[in-house]
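# Structural features, examined
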Amino acid sequence: MSYVEIDEPGKRVLLMGNEAVARGALEAGVDFCSGYPGNPASEILEALAKAAKKADFYVEWSVNEIVALEVAGAAAFTGLRALTAMKNLGADVCADFLMTTNLSGTRGGFVLVTGDDPSAHSTTSELDTRNYARLAEIPLLEPATTQEAKDMTKWAFDLSQELGVICMVRTVTRLSHSRGVVTLGPIKRDKRSAEFSSQDMWTSGSSNIQCMFHSILHEKLKRAQQKFEESKFNWYVGKENADFIIITSGTGWPYSFEAVKLLGLENEVGILKLGTTWPLPEKLVASHLKHAKEVLFVEETDPFLEQNVKILAAELAAEGVGPITFYGKKSNHIRGEFGAGTGELNVDIAIRALTEVKKVPYPLRGKEYSEKAQKLLSSYVPARSMSFCAGCPHRASFWAIKKAAKWDGRDAIVTGDIGCYSLGMLPTGFSVAKTLHCMGAGIGTANGFGNLKEFGLDKPAIAIAGDSTFYHACMPALVNARWNGSNILLVVLDNNTTAMTGHQPHPGTGVNAMGDSSPRVLIEDICKAVGAEVRVCDPFDQDEAVQNLYEMLQNEGLKVMIFRHECPLAFPKEKKAKVYVDQDKCLSEECGCVKFCTRVFGCPGNIWDYEKGKAKIDEVICNGCGLCAKLCPAGAIIVEEVT
Amino acid sequence: MTLKEGLLNIIITGVGGQGNVVASQIFASAAVRDGFYVSVGETYGAAQRGGAVMSHVRLSEETQYGSLTPEGRAHIILGFEPVECLRTIGSFGNEKTKVIANPRPVYSIDVLSGASKYPAVEEVLKSIKELAYSIQVVEATELAKKAGDPIMQNVVMVGCLAGSGFTPVKVETVKDIIKETFAKRRPEANLKAFELGLREIRRTKPL
């Protein structure tokens, strides 16, 4: 049993930020949870799914984020406590429902948790979802520590239920994927029953009704604001009535605290840490603006607090507050490597801003040391690009696509999509994919590329999609291609799991979030029903894979190739084949392949024996797939099946 | 033993797939059990292997720090891979940083393709030594093979960290956490890997 589930109030445990969110939901007595996997938020639902049976609540991985928010919304309408978790771009997917269910309201506590990814470590956008809270006019909480991730999630249910509106909790990668000490509270378990009477009506309305609901939403937001004025998640530390204050939220809090400490500014600077950031607790903020001459904003991604506080300061000016000099993103003091408002925040950025504004020195390492480090780093440290894992079927699929496109000779346009196989744009995927945006954009843009013949672009369009991505976002574009006659080949890389986010099940796996068996929804059945030409093969059967792809590229209309091979990390083989190089057969530099295995194929298991000048297999890394043996022109790589 | 500066920053560095997260989790859990405030910052996200990864483990007696160590402030670096160890000390090290390093290289695809060059391991270790207060080199992968599987080099390295005398976390506590963590996954082999690391570090002189 994980720490998320133990019922020992008062115990101090180490929890990941995402686990802390899950624990908060358990302590709030959550009934119904949903979500779609996405970094950095995936572990929230995973932790809840593990705890669900014992604590007797419901968890589902939904097919995508809008369905997730809708199923949870229904549960909340009936009075249940519901939570939906997703990554930042998931908020885009569910935005339609969010912008209407905010108006319809809720009976049970209804909490949306979004995980933002400043620096886009594993995302295609560092979108700041706090803007959605402002756009949807719903209360927003921003935890700064793992303890707060738990406590705020718990409170968000009470707040939502009391106000009758969905509440949002925003975390970021550096909280979601960090671990910290959390003191546990009691797990709450009041089994609620769902109620829906004939008098119930849940809608955003339209026309005057919509305007009336909109005005009610504004009233709810005002009540939220009153509560936020007194919230224990907002505090001020440091010098009383300081001239210089930092206003911060989320991970900005520990960074600001440490920066002030390292610079020895504790007696000069005050820090106003806000946990309830929309609507702004205006009275609290105003009470500190009144004594401030200078304000520095330390927050992740967008100047959200910065803009909202500046509006407040403009209003307060009429009451004689200010003038205040503001520093932050606009002034370019809080800036990442690529400028203000880009990249992840850290202590060093906060330190730099303070040294620039306060004109104080920061004795980091000696200059001599830094110069030496810089010199050694630049002379000795090679690049380390990401690659597909050893034995990954995607490498086989991209090699087949590259080869088939070459045979075809018409310079096919390959559109990429979201998953491990996004790496198809990089050398590890032989740089085959040429576009990458959001879930489902591969086949969507392929629809367009495949319909540009009359504009003089007559190249085949090949769209890539993973299995989970297919269910999530590809089906409408698939139907569109059939309907509008777009000439495309969709290649589904079906590895029987949602690999990128940590191997969650999907509609094709025959299992649901709680581990129960479920009907398998087969990709080929859907594609056939739409009217596509469908073929299925294992990409490790390279010759067959390339031949099939080539043939399909010659056919007109909508075609779907399903490359099916399980992810070896999710389904490890009990016994891996032993792969080694017969160095007598390896022709080394003399071979026309010019080190094909290491130079082109790029599997981290294929290494070079510099002493002997021959190819070699790294036995620790090799996964025994044997694909390199099929492609080695000298037949020097030997695969021995272990029985 | 207490923390001299009120804060101890440990960075575990290596390559995706080497078991960084498990190692940091074991050590951090032990520190929590010994009563410290602990923050752990991980490189997660990309499930793919082969990228450079780091775990920051920060121990404090007084408060919960953020999960990222500021530049140049690592007290201890546990290097699972030599070049990554150099990369990390270059950014986070200072004259007082102590290093324990596994010298076994993991070649990046950039190196394998010929786009980048991997330096001689001796050169890398020499460079680390130039930047560190001390460096102890432990053939952790070889020891892990002795324990039954080279993949357990991370557990060997946790043994090294526990036995180094550089941290206030009790060896017995780390051992207890190892037992709990691997209760269902090769408990004996993992414990052996831990003990091999523990023993090896105590007889490994700095370079």
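Just above sits the structure.
Residues numbered from 1 in each chain as written. Chains lettered and ligands numbered in written order. Predicted model: local features only at pLDDT ≥ 70, side-chain atom pairs only at ≥ 80, totals over all residues.

### With respect to the packing of helix H10 (residues 252-262) of chain A against helix H13 (residues 347-358) of chain A
All names here are of chain A. Note the threshold: The axes are straight lines fitted to the C-alpha atoms, using for helices just the contacting stretch, and the angles between their N-to-C directions are given from 0 to 180°. Helix and strand definitions follow DSSP, with helices as H or I runs of at least four residues and strands as E runs of at least two, each counted in order from the N terminus. Every angle not falling under 35 degrees, over 145, or within 65 to 115 is termed oblique; those three ranges are roughly parallel, roughly antiparallel and roughly perpendicular. With the far helix as reference, a near helix turned anticlockwise by less than a right angle produces a left-handed crossing, and one turned clockwise produces a right-handed crossing. C-beta atoms are placed from the backbone for every residue, and two residues are taken to be in contact when these atoms lie within 7 Å. By the convention adopted, Pro, Cys, Tyr, Trp, Phe, Met, Ile, Leu, Val and Ala count as nonpolar, Lys, Arg, Asp and Glu as charged, and the other residues, Gly among them, as polar.
Interaxial distance between H10 and H13 falls to 8 Å at its minimum, and their mutual angle equals 50°. One way to sum up the angle between H10 and H13 is to call them oblique. Once H10 is placed against H13, the crossing between them reads as right-handed. Residue-level inspection shows Tyr255, Ser256, Glu258, Ala259 and Leu262 of H10 in contact with H13, the latter providing Val347, Ala350, Ile351 and Leu354. Looking at the contact of H10 with H13 residue by residue, the class counts come to seven nonpolar, one polar and one charged.

### Describing the interface of chain B and chain A
The condition is simple: Between any two strands, at least two bridges found by DSSP are needed for them to pair.
Between chain B and chain A, the residue contacts involve 51 residues of the former and 56 residues of the latter. Taken together, the elements giving at least two residues each to the side of chain B that touches chain A come down to helix H1 (20-33), strand E2 (37-42), helix H2 (82-92), helix H3 (109-112) and helix H4 (121-131) of chain B. With six residues, E2(B) is the largest single contributor of residues to the side of chain B that touches chain A. Of the residues in the side of chain B that touches chain A, the class split is 23 nonpolar, 19 polar and nine charged. Bridge count for strand E8 (residues 178-183) of chain A against E2(B) is three bridges, and the pairing is antiparallel. The residue of E2(B) that forms the bridge with Ser178(A) is Gly41(B).

### A look at the nonpolar core
What counts here: For this analysis, nonpolar core means a set of buried Ala, Val, Leu, Ile, Met, Phe, Trp, Tyr and Cys residues linked through C-beta atoms within 7 Å. Exposure criterion: with C-beta atoms placed from backbone coordinates, a residue whose C-beta has 20 or more other C-beta atoms within 10 Å is buried, one with 12 or fewer is exposed, and one in between is partly exposed.
In this structure, Leu48(A), Phe27(B) and Ile128(B) are the most contacted members of the largest nonpolar core, which totals 270 residues. Other than its neighbours up to four places away in sequence, Phe27(B) contacts Val57(B), Val158(B), Leu161(B), Val169(B) and Val174(B).

### Concerning the pairing of strand E7 (residues 167-172) of chain A
All names here are of chain A. Buried residues dominate E7, accounting for six of its six residues. Because side chains alternate across E7, one face comprises the buried residues Cys167, Val169 and Thr171, and the other comprises Met168, Arg170 and Val172, equally buried. Relative to E7, strand E5 (residues 110-116) runs parallel, the two being bridged by six bridges. Counterpart to glycine 115 in the pairing with E7 is threonine 171. Examined bridge by bridge, strand E6 (residues 140-141) and E7 share two bridges and lie parallel to one another. From the neighbouring strand, leucine 141 faces E7, where its bridge partner is valine 169.

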